[in-house]
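The residues making up each chain are set out below.
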Amino acid sequence: MDHAADAQRTDLMTITRYVLNEQSKHPEARGDLTILLSHIVLGCKFVCSAVNKAGLAKLIGLAGDTNIQGEEQKKLDVLSNDVFINALKSSGRANVLVSEENEEPIFVEASKRGRYCVVFDPLDGSSNIDCGVSIGTIFGIYMLQEGSEGTVADVLKPGKNMVAAGYCMYGSSCTLVLSTGTGANGFTLDPSLGEFILTHPNIKIPKKGKIYSVNEGNAKNWDQPTTSYVEKAKFPIDGSSPKSLRYIGSMVADVHRTLLYGGIFMYPADKKSPNGKLRVLYEVFPMSFLVEQAGGQSFTGQGRALDIVPKNIHERSPIFLGSYDDVEEIKALYSAAEVKKE
């Protein structure tokens, strides 16, 4: 018998244990972030279960309302939103909540307020539910400003001010990737235990990848740097192999693959969406935070994504994120385009 291997299997690093270990490195910590994260994890488990049963429970159809983004809401969207709002409120550690599904921020009642603001997309990629493609939840956490009672100004901050960010992907397995600012780690839900187990410790994105991920259906509306980058990816002039195109259309799934395999994920601005399509607070910021923590970088076409100061909670931005060298290439193309303009 391989006793060493058996010991490894019985000494599991659960997400709770991992977060408590991180907390112990900060003697001044009161455990508030740990409690908040455990409520987010519970929300993810609930949604994972609902996603798995969606077809049987008739949760797939449209709920009838249209959300702030003009997308028709699916029943699962509505359910996921309710789950996370209730989980965050009941934690007693949240203050201001911003959800993709709610036009206005949600302010937790005074008796249950805490020191953290949470921005989240409860079910990203929900248009893919019907065909079984991976979907997910994205979240970012800010700390309340000293002396603040909790206002919208507490979340209209650059992404670099976040104290934690993550996503949970509901696919062939349920995977949660989390960063509290000291690297990115991946956990996989073990259904038999009902626990997220550390399966991808200290994720490091390859410095250069072989994959580019973009919706080429928008190509006719792209600007010159994006067009040039994709052209070069398909028809390299230096004799190297062309890059492979992989585009799922579910941001969580596309970014998850980019984190593990390297490459670049792009949702550029175009003539149709001059400000980009993805939302800054609960899509661009958390994903950029994770990619940077894994050694990659993210760029908006003008600068570092995490430096944006959002003016409203549903603001949009172009985004290029992934392997360090691949993002450097697109940055060089934008710089050259700027020089030409001058």
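Our structure is the block above this text.
Residues numbered from 1 in each chain as written. Predicted model: local features only at pLDDT ≥ 70, side-chain atom pairs only at ≥ 80, totals over all residues. Heavy atoms only, no water.

(A) Representation of helix α2 (residues 15-24) in the model. Taken together, the buried positions of α2 are occupied by I15, Y18, V19 and E22. The arc that holds the buried residues of α2, viewed along the axis, is 95°, so those residues lie on one side. Summarising the contacts, the buried residues of α2 are in contact with α3 (32-53), β8 (174-179), β9 (184-190) and β10 (195-200). (Buried < 20%, exposed > 50% of the residue type's maximum accessible area, 1.4 Å probe, protein only. Helix = DSSP H or I, 4+ residues; strand = E, 2+ residues; numbered from the N terminus. Arc of directions from axis to C-beta. Contact = heavy atoms within 4.5 Å.)

(B) The pattern of salt bridges, seen in detail. Under the counting rule described, the total for this entry stands at 18 salt bridges. For D325, the salt bridge goes to K207, with nearest N and O atoms at 2.9 Å. Taken together, the residues span a long stretch of sequence, with D325 in helix α8 (residues 324-341) and K207 in the loop between β10 and β11 (211-213) at a distance of 118 residues. Using a relative accessible area of 53% as the deciding quantity, one classes K207 as exposed. A salt bridge links K234 to E216; the shortest N-O distance between them is 3.1 Å. With K234 in helix α5 (residues 224-234) and E216 in the loop between β11 and α5, this residue pair connects regions lying 18 residues apart in the sequence. (Salt bridge = Lys/Arg side-chain N within 4 Å of Asp/Glu carboxyl O.)

(C) Local environment of the pairing of β8. Most of β8 sits inside the fold, with six of its six residues counted as buried. Side chains C174, L176 and L178 of β8 all project onto a buried face; the interleaved residues T175, V177 and S179 project onto the opposite face, where all are buried too. Direction of pairing for strand β7 (residues 164-170) relative to β8: antiparallel, over a ladder of six bridges. Looking across to β8, one finds that C168 is bridged to L176. Linking two consecutive strands that pair antiparallel, namely β7 and β8, is a turn of three residues. Bridge count between β8 and β9: five bridges; the pairing is antiparallel. Within β9, the position partnered with S179 by the bridge is A184. Between β8 and β9, which pair antiparallel one after the other, the connecting turn spans four residues, and G181 there sits at a positive phi close to 100°. (Pairing = 2+ DSSP bridges.)

(D) Geometry of the nonpolar core. Residues V155, L281, F285 and M287 are the most contacted members of the largest nonpolar core, which totals 41 residues. Among the elements of the structure, β3 (94-99), β5 (116-124), β6 (135-143), β7, α6 (251-261), β13 (264-267), α7 (280-293) and β17 (319-322) are those that each provide at least two residues to this core. Apart from the residues within four sequence positions on either side, V155 is in contact with V96, V98, C117, V119, Y142, L281 and I313. Counting residues in hydrophobic clusters, the runner-up holds 40 residues, among them V51, Y116, L178 and L189. (Core = buried A, V, L, I, M, F, W, Y, C linked by side-chain atoms within 4.5 Å.)

(E) Local environment of the packing of α6 against α7. Packing of α6 against α7 leaves a shortest axis separation of 11 Å and a crossing angle of 15°. What the angle tells us is that α6 and α7 run roughly parallel. You can see that α6 and α7 cross each other, and the crossing is right-handed. Residues M251, V252, V255 and L259 of α6 form the contact with α7, whose own contacting residues are E283, M287, L290 and V291. (Axes fitted to C-alpha atoms, helices over the stretch in contact; angles between N-to-C directions. Parallel < 35°, antiparallel > 145°, perpendicular 65-115°, else oblique. Left-handed = near helix turned anticlockwise from the far one by under 90°.)

(F) View of the sheet that holds strand β15 (residues 297-299). Pairing is mixed in the open sheet, where five strands are placed in the order β12-β11-β13-β17-β15. Strands at the two margins of the open sheet, each flanked by one partner only, are β12 (244-245) and β15. Where β11 meets β12, two bridges bridge the pair, whose relative direction is parallel. For I211, the partnering residue across the bridge sits in β12 and is S244. Strands in contact with α6 are β11, β13 and β17; relative to β13, the strand with the most contacts, it is inclined by about 150°.

(G) Up close: empty space enclosed by the protein. As enumerated under the stated definition, the model contains one cavity of 30 Å³ or more in all. As a volume, the largest cavity reaches approximately 60 Å³. Taken together, I15, T16, V19, T34, L37, S38 and V41 make up the lining of the largest cavity. Of all the elements in the fold, those that place two or more residues in the lining of the largest cavity are α2 and α3. The dominant element in the lining of the largest cavity, judged by the number of residues it contributes, is α3, at four residues. In terms of residue class, the lining of the largest cavity is built from four nonpolar, three polar and no charged. (1 Å grid on protein atoms, 1.4 Å probe; cavity = no way out; pocket = protein on both sides within 12 Å on 5 of 7 lines; lining within 4 Å. Points joined across faces, edges and corners; volume = space filled by probe spheres on them. Nonpolar A, V, L, I, M, F, W, Y, C, P; charged D, E, K, R; others polar.)

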